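Working through the structure, step by step
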Amino acid sequence: MEAFQLLSRGGARFDKNRFKNDVQLFNKTKPSNDKGKAVAKASEGELPAELDFFKYAQGGSAKRKTSGSEQRESAENTTKKPRLEEDEDEDEDDQPDAADDPPMPRHRVTTKGNNVPEHVESFQALQERYALSNRLLTNLEESGYKRPTGIQSYGIPILMESRDLAAISPTGTGKTLSYLLPVMASLGAPAASSKGDAGTGVRALILAPTRELAHQIHNECLKLAQGRKWRIVLFSKATASTLADKNVRDKVDLVISTPLRLVAALQAGHIELDNVRHIVLDEADRMLDSEFLSQVQEVVAACTYPNVQKAVFSATLPAGAEKIAMSMLQDPIRVVVGLKDTPLPLIAQSLTYVADDPSKLPTLLQYLSQPYNPPVLIFVSTQPRAASLAEELVINSIPNVDCLHAGMTRKEREDAVSRMRRGESWVMVSTEVMARGMDFKGVREVINYDFPQSVQSYVHRIGRTGRAGREGKAITYFTNEDAPFLKAIANVLLQSGSTVPEWILKLPKPSKMKRREMGKVKRAEAVTPASRIGRQDAIKKRDMIAGSKRRQGKAERKAQSTQDRDGSVADEREN
DNA sequence: AAAAAAC
């Protein structure tokens, strides 16, 4: 019985009531089902009419054509029904479903490899060529997919023909469907039935770097699997223990997991992967970086089925990661949509000089005191800074502030995501955990409060906006300390069509020594508060912030106490 | 180069 609750079957709808009792911590307004109304009301007329972030700007003017073997990427979506009525929890997907259907930007697609299968122009053509089930096509339509994006029209045929694939495609261009559809098409009969050659145990495996992303992929997967009896499992502690029963796990068809979770289950003997025929690494460069690599290798090594199909997907793939990826793949095809490591031109990017850390908060508060398009996603470098910035914003009466980082409990994280999906978060402060893959369609503004630690991080962070052909805006604060890394990011802006002040471009490339020296400068553990006034309120309000106690690691509690004691944690260190 | 995330 428990197993049936935990194992989401294909066809089961996502539990709509699950978040019903969420405490609406930050809503000053009464929670309402009518998003537009709620937003307009609470904005007290400060926000522009276009603020209704569930309607999307027409991306027309920003559309750019590139020549070459041009790929049509159309807006894939469609259904005109208002999303909210349909499902409250806003389950996520890589695709749009807004009423206003912005045209997708067109990107050049390049392929490399032996006998590259012909791309398809439509899902119809795909069905005809590969005899996809009507069911799958219906589910596609109902999920709002209309026309394949670049990566979908090239990637799906490659995977359908059982080839290995390295796919590089910008943020928000529909990578998830590119691997889900072929996997589903090849699953055939559920393992629970005795028909077909399903064998016993998991047949497809999708790995992602964060719980939130795995969850999002799972939701998308359930939509596509409607009406089928596949068992699609989002691997978690709970499911892992359920799968300790071999009878249960033998009936699982598809698993979505983070690597470490799966490694733990393997070691505990709670899962076998010898029947896995498809492995997908989402956010491949992240999955192949030093911390994840050995875990991923262990998982891959446990997949002993002959000729396992492997595919890796990302918007960024630095040379080192690509080399590792290619060495794992057999006779791979490499597909690149647009320019690797480059944000979409739809995202208007800018850089803001803030001198030093203490100047950031006033700058942000000033920004948030003017009309903006909620929800705004704000990135900081550490968990303590995420928690303390969220705190400071609450103290300063910014409405509907939320916080999400991996130091929070599973439930707190889930709640934060669901508030975000429901449009209840106006300002979401988070760490790198949110930087990759997360698809919040309404996000039109990203602020890098703390400078990103790599070009890849930058590209993924700002890629939370400008999804599926919509416009977006990204602001990056930089301090004197960030100067050594500024030029690299400035070049990214230039390459993707945003403008950069000339003086930044004229910056000399700092010597390695200088960079190393500056890299040592430690950032304050907590965000520097704007003022000491209202500190008493602050303490009260602090406890309202999701997970404000447990979530905090030692470092943070220390920072917190420092803050309370001497009233300031400004990083006074000179550089 | 470096923190975050994975449990």
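Because the structure is predicted, anything quoted here is derived from the model rather than measured. (Residues numbered from 1 in each chain as written. Chains lettered and ligands numbered in written order. Predicted model: local features only at pLDDT ≥ 70, side-chain atom pairs only at ≥ 80, totals over all residues. Heavy atoms only, no water.)

We now examine the packing of aromatic side chains. Under the counting rule described, the total for this entry stands at 4 aromatic pairs. An angle of 40° between the planes, with centres 6.1 Å apart, marks the rings of Phe478 and Trp503 as tilted. Placement of Phe478 in strand β16 (residues 472-479) and of Trp503 in helix α20 (residues 502-505) is noted, with a sequence separation of 25 residues between them. (Phe/Tyr/Trp six-rings, centres within 6.5 Å; stacked < 30°, edge-to-face > 60°. Helix = DSSP H or I, 4+ residues; strand = E, 2+ residues; numbered from the N terminus.)

Pairing in this open sheet of 6 strands is parallel, and the strands run β11-β16-β15-β12-β14-β13 from one edge to the other. Whereas interior strands pair on both sides, the edge strands pair on one side only; in this sheet they are β11 (347-355) and β13 (401-404). Between one strand axis and the next, the sheet turns by 20° as a mean value, whatever way the strands run. Pairing between strand β12 (residues 376-379) and strand β15 (residues 445-448): 4 bridges, direction parallel. By the bridge assignment for β15, Val376 is matched with Glu445. Relative to β13, helix α17 (residues 410-421) is tilted by about 135°, and along the sheet it contacts β13 and β14 (427-430). (Pairing = 2+ DSSP bridges. Axes fitted to C-alpha atoms, helices over the stretch in contact; angles between N-to-C directions. Contact = heavy atoms within 4.5 Å.)

Glancing now at the protein's contact with DNA strand B. DNA strand B sits among 21 residues. The nearest are Glu291, Thr382, Gln383, Thr431 and Gln453. Here DNA strand B approaches the protein such that, of its atoms within 4 Å, sugar and phosphate make up 64%. Here a sugar or linking oxygen of DNA strand B sits 2.8 Å away from a polar atom, N or O, in the side chain of Arg261. With respect to DNA strand B, the side chain of Gln383 contributes an N or O atom lying 2.2 Å from a phosphate oxygen. Looking at which element gives the most residues to the surface near DNA strand B, the answer is helix α13 (residues 290-302), with 3 residues. Of the residues assigned to the surface near DNA strand B, the class counts are 5 nonpolar, 11 polar and 5 charged. (Near = heavy atom within 4 Å. Polar contact = N/O pair within 3.5 Å; in protein donor to acceptor, adjacent residues only side chain to side chain. Nonpolar A, V, L, I, M, F, W, Y, C, P; charged D, E, K, R; others polar.)

The next point concerns the UniProt feature "short sequence motif: Q motif" (unreviewed entry) in chain A. Sites flagged by UniProt as "short sequence motif: Q motif" (unreviewed entry) map to residues 125-153. With 66% helix and 0% strand, residues 125-153 has end C-alpha atoms that lie 10 Å from one another. (UniProt positions renumbered as here; feature names shortened; annotations may be inferred.)

Burial analysis of β16 places 7 of its 8 residues in the buried class, the great majority of the element. Taken together, the 8 bridges between β11 and β16 define a ladder with parallel strand orientation. When the bridges of β16 are listed, Ala355 appears paired with Thr479. Where β15 meets β16, 4 bridges bridge the pair, whose relative direction is parallel. From the neighbouring strand, Ile447 faces β16, where its bridge partner is Ile475. In this region the chain leaves β15, passes through helix α18 (residues 455-462) and returns to the parallel neighbour β16; the handedness of that crossover is right-handed. (Buried < 20%, exposed > 50% of the residue type's maximum accessible area, 1.4 Å probe, protein only. Right-handed = clockwise from strand over helix to strand, strands pointing away.)

This part covers the nonpolar core. Grouped together as the largest cluster of nonpolar side chains are 104 residues, with contacts concentrated most on Leu254, Ile378, Leu389, Leu393 and Val427. Considering every element that reaches this core, the biggest residue donor is helix α7 (residues 175-187), with 7 residues. Ignoring sequence-local partners within four residues, the contact set of Leu254 consists of Val183, Met184, Leu187, Val202, Ala204, Ile206, Cys221, Arg231, Ile232 and Val233. If you look at the next biggest cluster of nonpolar residues, it comprises 38 residues, including Ala240, Ala265, Met287 and Val312. (Core = buried A, V, L, I, M, F, W, Y, C linked by side-chain atoms within 4.5 Å.)

Here the focus is the pairing of strand β9 (residues 309-314). Of all 6 residues making up β9, 6 are buried, and the element is well covered by its neighbours. Burial along β9 is two-sided: the residues Gln309, Ala311 and Phe313 and Lys310, Val312 and Ser314 are all buried. Strand direction decides the pairing type here: strand β4 (residues 165-168) and β9, joined by 4 bridges, are parallel. Counterpart to Ala166 in the pairing with β9 is Val312. Strand direction decides the pairing type here: strand β8 (residues 278-282) and β9, joined by 5 bridges, are parallel. In the sheet register, His278 faces β9, and the bridge partner there is Gln309.

Below, the discussion takes up helix α14 (residues 319-328). Taken residue by residue, α14 has Ala321, Glu322, Ala325 and Met328 as its buried positions. Down the axis of α14, the sector holding all buried residues measures 120°, keeping them to one side. Away from its buried face, by an angle of more than 90 degrees, α14 presents the exposed residues Ala319, Lys323 and Ser327. Check the buried side of α14 and you find it contacts β4, β8, α12 (284-287), α13, β9 and β10 (333-337). (Arc of directions from axis to C-beta.)

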